[in-house]
Amino acid sequence: MTQNRTESRAGNRARTVFLLAHTGRPAAIRSAELVVKGLLRAGLGVRVLEAEALDLPLPDQVETVGEATPQSLDDCELLIVLGGDGTLLRGAEFARASGVPMLGVNLGRVGFLAEAERDDLDKVVDRVVSKAYEVEERMTVDVVVHRNGDIVHTDWALNEAAVQKVSAERMLEVVLEIDGRPVTGFGCDGIVCATPTGSTAYAFSAGGPVVWPEVEALLMVPISAHALFAKPLVTSPDSVLAVEVLPHVPPGVLWCDGRRTVELPPGARVEVRRGAVPVRLARLHHASFTDRLVAKFALPVSGWRGAPH
């Protein structure tokens, strides 16, 4: 691979990759150093945030930018993210706003958004240099909060928008609605409105189904509902999900991807629909989601004999 990198160096000079890392982790610092050296050796440019550059042992030719804005990714062909789920979701915010594909390297625990593990760094560099990756689009959700008929907040999520209680001693009282029609109401700890990508995140922990990423659907999963009918619901991707916080009850809170939050006063209405802008993920290989699921959760499959021939 070294010979190929040398031969292609002249043609790679106009190519730039943005690197985002969780520099609070020693593993991320070591991984970032390896990735940067490999990309520079192949003739690619590397760009990082100034705040992260202070924690990384970077060569002088690495470009730095002050803020994580969509414009920071101008002329970049790829965003490589090194870290756990939180860092990958931070990278997804960055990638969605710019339209640049994100390639995640998992340095955390589960990391379903990641395409590679820390042991694959050499392979990641080789694939990026040779452009041996494909790009797929992941569905997002757009979120609108209404109060007294007025829009008071808008947001989006790749994994989920979660309406949750604020007070530990009081349940959240809600009514669920799908496509303009009420479904049911109850007291609960919260409601998760998720994408298929988010089905293995918060919705999974709340007892929701695992949905393969290529399935187009929206999920609504109650959290600790005090009700006989409080099953997870899977709807059309064109449906509009709504959660109404009943008046005269304690307020709630809206979390989008566990990163962005806003208070929901009594009487607030949260609408969730398919997002207008997807997140683009770079894929290095064609491993099935089934294999990823088995590997991530170490599922017991011993004794499997395969389909009869």
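Fair warning: this is a prediction, and the values are worked out from it, not measured in the lab.

### Things to note about the overall build of the protein chain
Part 1 of the argument: Of the regular secondary structure elements, the protein chain holds eight helices and 20 strands.
Part 2 of the argument: Against the 2.2 N^0.38 benchmark of 19 Å for 309 residues, the protein chain shows a C-alpha radius of gyration of 22 Å, consistent with a compact globule.
Part 3 of the argument: Along the longest, intermediate and shortest principal axes, the C-alpha atoms of the protein chain span 65 × 55 × 35 Å.
Part 4 of the argument: Burial statistics for the protein chain: of 309 residues in total, 49% are counted as buried.
Part 5 of the argument: Look at the contacts in the protein chain between residues 6 or more apart in sequence, and 67% of them connect residues 24 or more apart.
Part 6 of the argument: Of note, the protein chain has its 32 positive side-chain charges centred 4 Å away from the centre of its 39 negative side-chain charges.

### Side note on the pairing of strand 9 (residues 150–157)
Part 1 of the argument: Pairing of strand 8 (residues 141–147) with strand 9, which is carried by seven bridges, proceeds in the antiparallel orientation. Counted as the bridge partner of Val143 is Asp155 from strand 9.
Part 2 of the argument: Where strand 8 hands over to strand 9, the hairpin turn is made up of two residues, of which Asn148 adopts a positive phi near 55 degrees.

### Quick notes on helix 5 (residues 85–98)
Part 1 of the argument: If you check helix 5, its first and last C-alpha atoms are 20 Å apart, about what 14 residues at 1.5 Å a residue would give, namely 20 Å.
Part 2 of the argument: In this structure, the buried side of helix 5 is in contact with strand 1 (16–21), strand 4 (78–83), strand 5 (102–106), strand 8, strand 9 and strand 20 (279–283).

### Looking at the confidence of the model for the protein chain
Part 1 of the argument: Across the protein chain, the average pLDDT comes to 91, with 95% of residues at or above 70.
Part 2 of the argument: Within the model, the stretch residues 1–11 combines pLDDT values under 50 with twelve contacts to residues more than four positions away or in other chains.

### Focus on the nonpolar core
Part 1 of the argument: One finds Leu19, Leu39, Val46, Ile80, Leu82, Leu103 and Val128 to be the most contacted residues of the largest nonpolar core, which totals 32 residues.
Part 2 of the argument: Elements represented by at least two residues in this core include exactly strand 1, helix 3 (26–41), strand 2 (45–49), strand 4, strand 5 and helix 6 (121–129).
Part 3 of the argument: With six residues, the single largest contributor to this core is helix 3.
Part 4 of the argument: Leu103 has contacts with Leu78, Leu79, Ile80, Val81, Glu115, Val124, Val128, Ala282 and Leu284, leaving out every residue within four places of it along the chain.
Part 5 of the argument: In terms of nonpolar packing, the next biggest core, distinct from the first, is built from 28 residues, Met139, Val163, Leu176 and Leu218 among them.

### Points about the pattern of salt bridges
Part 1 of the argument: Counted by the stated rule, this structure contains 19 salt bridges.
Part 2 of the argument: With its nearest N and O atoms 3.4 Å apart, the salt bridge here joins Glu33 to Lys37. Of the two residues, Glu33 and Lys37 are both situated in helix 3; the distance of four residues between them amounts to about one turn of the helix.
Part 3 of the argument: Under the relative-accessibility criterion, Glu33 is labelled partly exposed at 26%.
Part 4 of the argument: A residue is classified by how much of its surface remains accessible, and Lys37, at 44% relative accessible area, is partly exposed.
Part 5 of the argument: Here Glu216 and Arg274 are joined by a salt bridge, their closest N and O atoms 2.9 Å apart. On the criterion of sequence distance, the pair formed by Glu216 in the loop between helix 7 (202–205) and strand 14 (218–223) and Arg274 in strand 19 (residues 269–274) is long-range, its members being 58 residues apart.
Part 6 of the argument: Look at Glu216 and you get partly exposed, because its relative accessible area is 48%.
Part 7 of the argument: Overall, the relative accessible area of 32% leaves Arg274 in the partly exposed class.
Part 8 of the argument: Taken together, the shared-partner salt bridges connect Glu115, Glu136, Arg138, Arg283 and Arg292 into one network.

### Remarks on the pairing of strand 18 (residues 260–264)
Part 1 of the argument: Sheet topology places strand 17 (residues 252–256) next to strand 18; five bridges connect them, and they run antiparallel. Bridged to Val253 within strand 18 is Glu263.
Part 2 of the argument: Linking two consecutive strands that pair antiparallel, namely strand 17 and strand 18, is a turn of three residues; a positive phi of about 60 degrees is found at Asp257 within it.

### Describing the environment of Ala51
Part 1 of the argument: If you trace the backbone, Ala51 turns up in helix 4 (residues 50–53).
Part 2 of the argument: Looking at Ala51, the relative accessible area reads 54%, which means it is exposed.
Part 3 of the argument: Sequence separation of Ala51 and Val221 is 170 residues, and the distance between their C-alpha atoms is 38 Å.

### Some points on the sheet that holds strand 14
Pairing between the strands of a sheet comes from backbone hydrogen bonds, and it takes one of two forms, parallel or antiparallel.
Part 1 of the argument: An order of 15-14-13-10-17-18 is seen for the six strands of this open sheet, with the pairing classed as antiparallel. Sheet topology places strand 15 (233–235) and strand 18 at the edges, where each strand pairs with a single neighbour. Put simply, the sheet's adjacent strands are angled 15 degrees from each other on average, direction ignored.
Part 2 of the argument: Bridge analysis of strand 10 (residues 160–165) against strand 17 gives five bridges, and the strand direction is antiparallel. Across the sheet, residue Ala161 finds its bridge partner in strand 17, namely Cys256.

Criteria and cut-off values
- Residues numbered from 1 in each chain as written.
- Predicted model: local features only at pLDDT ≥ 70, side-chain atom pairs only at ≥ 80, totals over all residues.
- Heavy atoms only, no water.
- Helix = DSSP H or I, 4+ residues; strand = E, 2+ residues; numbered from the N terminus.
- Rg over C-alpha atoms; globule rule 2.2 N^0.38 Å.
- Buried < 20%, exposed > 50% of the residue type's maximum accessible area, 1.4 Å probe, protein only.
- Contact = heavy atoms within 4.5 Å.
- Lys, Arg positive; Asp, Glu negative; His and termini not counted.
- Charge placed at Lys NZ, Arg CZ, Asp CG, Glu CD.
- Pairing = 2+ DSSP bridges.
- Expected span 1.5 Å × (residues − 1).
- pLDDT = per-residue confidence, 0-100.
- Core = buried A, V, L, I, M, F, W, Y, C linked by side-chain atoms within 4.5 Å.
- Salt bridge = Lys/Arg side-chain N within 4 Å of Asp/Glu carboxyl O.
- Axes fitted to C-alpha atoms, helices over the stretch in contact; angles between N-to-C directions.

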